[in-house]
Amino acid sequence: MPSVSKRLATDLLFKGVLGLATVILFIPLIMILYYIIVNGAGAISWAFLTSLPKPPGEIGSGIGNAIVGSAILICIACTISVPIGVGVGVFLSEKPTHTIAKMVRICLEILQGIPSIVIGIISYLWVVLPMGGFSALSGGIALSLMMLPLVIRSTEETLKLIPQSLKEASLGLGVPYYRTMTKIIIPAGRPGISTGIILGISRVAGETAPLLFTAFGNPFLTFNIMKPVNSLPSLIYNYATSPYSDWQQAAWGASLVLILFLFTLSLIARTISTR
Amino acid sequence: MNKQILEISNLSVSIGNDTIIDNISMDFHWKKITTILGPSGCGKTTLIRCINRMHELIPHARVSGSILLFKKNIYEMNPILVRREIGMVFQRPNPFPTMSIYDNVIAGYKLNGIKLGSAEKDNIVETSLCRAGLWSEVKDALHRRGAFLSGGQQQRLCIARALAMKPRILLLDEPTSALDPKSTGHIEDLVSELKESVTIIMVTHNIRQASRISDFTAFLSKGELVEYGSTEKLFTVPEDKRTEEYLSRSAG
Amino acid sequence: MRKTSQLSPEDRNIRIYETLFSWILKFFSVLVVATLVGILATILIQALPSFRDAGINFYTGKSWDPVFKHFSATPFVVGTLATTVLALLISIPFSLSIALFSGFYLHPGRITSTIRLLIDLLAGIPSVIYGFWGLSIVVPAVRQFELFSGRVPYGVGIFTAALILSIMIVPYAASIGRDVIALVPSDLKEAGLALGATPYEVVRWIVMPYSKAGLLSGILLSFGRAIGETMAVTMVIGNANKIPGSIFDPANTISSIIANEFAEATDPIYVSHLIHMGLILFITTTAIGLFGRRVIKKWSSH
Ligand SMILES: Nc1ncnc2c1ncn2[C@@H]1O[C@H](COP(=O)(O)OP(=O)(O)O)[C@@H](O)[C@H]1O
Ligand SMILES: [Mg+2]
């Protein structure tokens, strides 16, 4: 048997290695944040946030259309996935043993694991082809497919925790079931459901792959959901892979904007869920 | 006057394969207090939940027999209308946590989409809280949430909420079992006063409570209606051996 | 009747509303099921021409050349396997360290919640930003290394992609690992400590053997996750449609070839071949996901 001091030394060494590995991992995190902040802060200005992209070499290029495009895509995704997601979540929590509920659960597990690029293909085949062209709508639909499982899960989990007594109190007053659900139970679960929606938005807001052949990208500003739109992630992709240094600079700026948006979302989600 | 307000005939309830209520028939008396007495798990809650069709929330529950409310079978009525005629107060106080005291009292109207003028609302809130004996305690805090109220006050708020709907029958399922003795006394007094205006059916497993306040008592055991009659008679000369045993054992 | 005066206008239609409400919920739920079935059917049907056209050659062939209509997935299957396996090899020590550190060594407190926060930050960075960072920082660094070690200084390639991918999967892998390790019964751990074992010995002889199945499925799940990762890999892998000869060669993965060529593919059969690869991606990630989660569930329930 090895001596006690040797064993203790091994233990200390092991602990040190674990700690070191943990610290090392955060080096890239810090580096990424550092580069985004240092390079991005220089690019950001009011004009940058509001003007449209310009060809490389021209000054005054901006990301206004990408910000608008991202907002449009997120709105479409929410419009589709929130009502359906909350509805299905209510169904799952109310009828957990229903045959349809069991099937939905399996489907959700699969849906959640579908690679985002495959979601892009699907939306291309379902929306872009029939419509005859790239569009914000097809991009929003792709994103809604990715958001849906998260909204459903969070609604179901939240509603399961709402005490049965609340439902009984309402039904006992002669309130119809659908009103009990819409006026008492869903509002009681609002914090949890909104957290789920926000997490869903932050999952899709940074997605590029499902937009490559749906929303596609557009150097101009458009509010028409039947037309292709730019978005922050697509803009970052296009600019980052371009050889022009001013475009790359703009990509850093857009990255900073995107990261700040995502951090704000997670901050909001945290505040809601701890309240 | 003994109007035939509520008649239960041949009521049986089963949950899955277990028979919970076994062929019960009984009539209730107009503007009297009837208590349903029996050991824990004998089916008291299940029985009164059948009366306003709240048993329908229990998965796999099946009911046979009939319950007539003013000669109308409640199982052929819309459950929503049944529940507005027959109010219910639960074992644990369950005021709506996000609503103010005021909104809790008129919650039944609000949630049902019944529009009331503000004077009418004020009137209903005040009357109901007075009837529940809570008015003087909360009249200065009507627009605060009910979270600061004691358990007994919350239970009376729930009674006020049920009374606001002007039900003809009020079901109370062990309304004092989660309360301290003082609050219990309050609620008992309140229930005795309320029988002037509503018919009361109250579940309890507290024998003293039954004897203190009720006019009629039904004794339930293992889903069977063992004995039913005036409280005085049931407590002094019980007909059934099981009633006698239960009363003597629990009283000692 | 006294009561009728209190009925709201809607009361008369309660039945209709009730039925409508429950039908809407049911309809949405069926819609979710139908969507998934639709996704599967669509991909299968659209991949059918590719099956007919390429047959088994799709899996046994060696090259992908749309101009000469050579369509084989092999370069991308190899590229995907090389990238993801390498990424896993790099990331496992880190994921496991974090899992052990925050799931066993440290008591829940300020340090564990800081670690958790940093991990969440890492998980929250979009793939495209990882790719951008990789292009501007990691690629030049790898190029220097390749110059230094006498290779062709591409900078981009499997190694670079694996490096970035490994960082990206750590949050996912570490959180599974932490959950698995937290499930080791504490009386087992305490029994070990009570016998005079050091924490290291408890990890070595009790925690690791106990959680082996869970950790292995965690690795499997991370593998499934890594296969589907697209943007960052696409940006730094070099986009070469040939079977890579070394880990420093440029290559393509299944997802990166779709990302690169799908929007430009005009020939229907070309599109079908790309969808065929989408099908491969879909089936492998789904199978791995379902299997991995079943194993973890089964393992954690006993
Ligand atoms: N949701 C349910 N599922 C299955 N059995 C139940 C359920 N609710 C009550 N029971 C059974 O019904 C019987 C009567 O319950 P209950 O009416 O609550 O009794 P009491 O109110 O007299 O204590 C008990 O044996 C209980 O196990
Ligand atoms: Mg009971």
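Student: Tell me about the side chain of S221 of chain B, residues and numbers included.
Tutor: Residue and element names in this part refer to chain B. Along the chain, S221 turns up in strand β9 (residues 216–221). With a relative accessible area of 16%, S221 lands in the buried category. Those residues in contact with S221 that sit more than four places away from it in its chain are C42 and V226.

Student: So what's going on with the sheet that holds strand β5 (residues 72–73) of chain B? Residues and values would help.
Tutor: Residues and elements named next belong to chain B. Spatially, the four strands line up as an open sheet ordered β2-β1-β4-β5, and their pairing is antiparallel. Edge positions in the open sheet fall to β2 (18–28) and β5, since each of these has one partner strand only. Inspection of the sheet shows strand β1 (residues 6–15) paired to strand β4 (residues 61–69) by eight bridges, in the antiparallel sense. Pairing of I8 across the sheet is with I67, part of β4. Those strands touched by helix α1 (residues 44–51) are β1, β2 and β4, and its axis lies near 125° from that of β1.

Student: Please provide a residue-by-residue account of the domain arrangement of chain C, values included.
Tutor: Residues and elements named next belong to chain C. In terms of domain boundaries, chain C breaks down into domain 1 (4–54) and domain 2 (58–300). Here domain 1 and domain 2 have C-alpha centroids that lie 36 Å from each other. Between domain 1 and domain 2, the residue contacts involve 12 residues of the former and 10 residues of the latter. Here domain 1 and domain 2 share an interface that buries about 950 Å² over both sides, 77% of which is from carbon and sulfur atoms. Considering only the surface of domain 1 that becomes buried against domain 2, I43, S50 and A54 emerge as the three largest contributors, covering 42% of it. Counting across the interface, domain 1 meets domain 2 through zero salt bridges. Linking domain 1 with domain 2 are five residue pairs in polar contact (both at pLDDT 80 or more), by the criterion used here. The residue inventory of the side of domain 1 that touches domain 2, partitioned by class, reads nine nonpolar, two polar and one charged.

Student: Could you give an account of the packing of aromatic side chains, naming the residues involved and the relevant values?
Tutor: Counted by the stated rule, this structure contains 28 aromatic pairs over all chains. The interplanar angle of 35° and the centroid separation of 4.9 Å between the aromatic rings of F219 of chain B and Y246 of chain B together place this pair among those described as tilted. One end of the pair, F219 of chain B, is in strand β9; the other, Y246 of chain B, is in helix α11 (residues 241–251), and 27 residues separate them in sequence. Like F219 of chain B, the residue Y246 of chain B is buried in the burial classification. Here the aromatic cluster, defined as three or more aromatic residues joined through ring pairs, consists of F14 of chain A together with F101, F104, Y105 and Y200 of chain C. Over the ring of F96 of chain B we find R161 of chain B; its NZ or CZ atom is 4.7 Å from the centre of that ring. For R225 of chain C, the ring lying beneath its charged end belongs to Y172 of chain C, and the centroid distance is 4.1 Å.

Student: Could you give me a rundown of the interface of chain C and chain A, with the residues and numbers involved?
Tutor: Listed per partner, the contact involves 73 residues of chain C and 74 residues of chain A. For the pair chain C and chain A, the two sides together bury roughly 6700 Å², of which 83% comes from carbon and sulfur. Between R293 of chain C and E109 of chain A there is a salt bridge; the shortest N-O distance is 2.9 Å. Across the chain C-chain A interface, the total number found is 10 residue pairs in polar contact (both at pLDDT 80 or more). Looking at which element gives the most residues to the side of chain C that touches chain A, the answer is helix α1 (residues 14–54) of chain C, with 19 residues. Partitioned by chemical class, the residues of the side of chain C that touches chain A number 48 nonpolar, 18 polar and seven charged.

Thresholds applied
- What you see as residue numbers is a count from 1 along each chain, following the sequence as written.
- Ligands are numbered from 1 and chains lettered from A, in the order in which they are written.
- The predicted origin of the model limits local features to residues at a pLDDT of at least 70 and limits the giving and counting of side-chain atom pairs to 80 or more, whereas totals for whole chains, interfaces and linings rest on all residues.
- Each side-chain value is worked out from all heavy atoms of the structure, with water and hydrogens disregarded.
- Only DSSP runs of H or I reaching four residues or more are called helices, and only runs of E reaching two or more are called strands; each is numbered from the N terminus.
- Note on classification: 1.4 Å probe, protein chains only; a residue is buried when its accessible area is under 20% of the maximum for its type, exposed when over 50%, partly exposed between these limits.
- Every residue pair with non-hydrogen atoms within 4.5 Å of one another is taken to be in contact.
- In this scheme, strands are said to pair when DSSP sees at least two bridges between them.
- Orientation is described by lines fitted to C-alpha atoms, with helices fitted over the stretch in contact, and by angles between N-to-C directions that extend from 0 to 180 degrees.
- The source of the domain bounds is an automatic or database domain assignment.
- Buried surface area refers to the total accessible area, computed with a probe of radius 1.4 Å, that the two partners give up upon joining, counted for both partners together.
- Salt bridge, as applied in this entry: a Lys or Arg side-chain nitrogen positioned within 4 Å of an Asp or Glu carboxyl oxygen.
- Think of a polar contact as two N or O atoms within 3.5 Å of one another; within protein, one of them needs to be a possible hydrogen donor and the other a possible acceptor, and neighboring residues in sequence only count if both atoms come from side chains.
- By the convention adopted, Pro, Cys, Tyr, Trp, Phe, Met, Ile, Leu, Val and Ala count as nonpolar, Lys, Arg, Asp and Glu as charged, and the other residues, Gly among them, as polar.
- Ring pairs shown here join Phe, Tyr and Trp side chains whose ring centres sit within 6.5 Å, with only the six-membered ring taken for Trp; geometry is labelled stacked below 30 degrees between planes, edge-to-face above 60, and tilted in between.
- For a Lys NZ or an Arg CZ to count as sitting over a ring, it must be within 6 Å of the ring centre and within 35 degrees of the ring normal.

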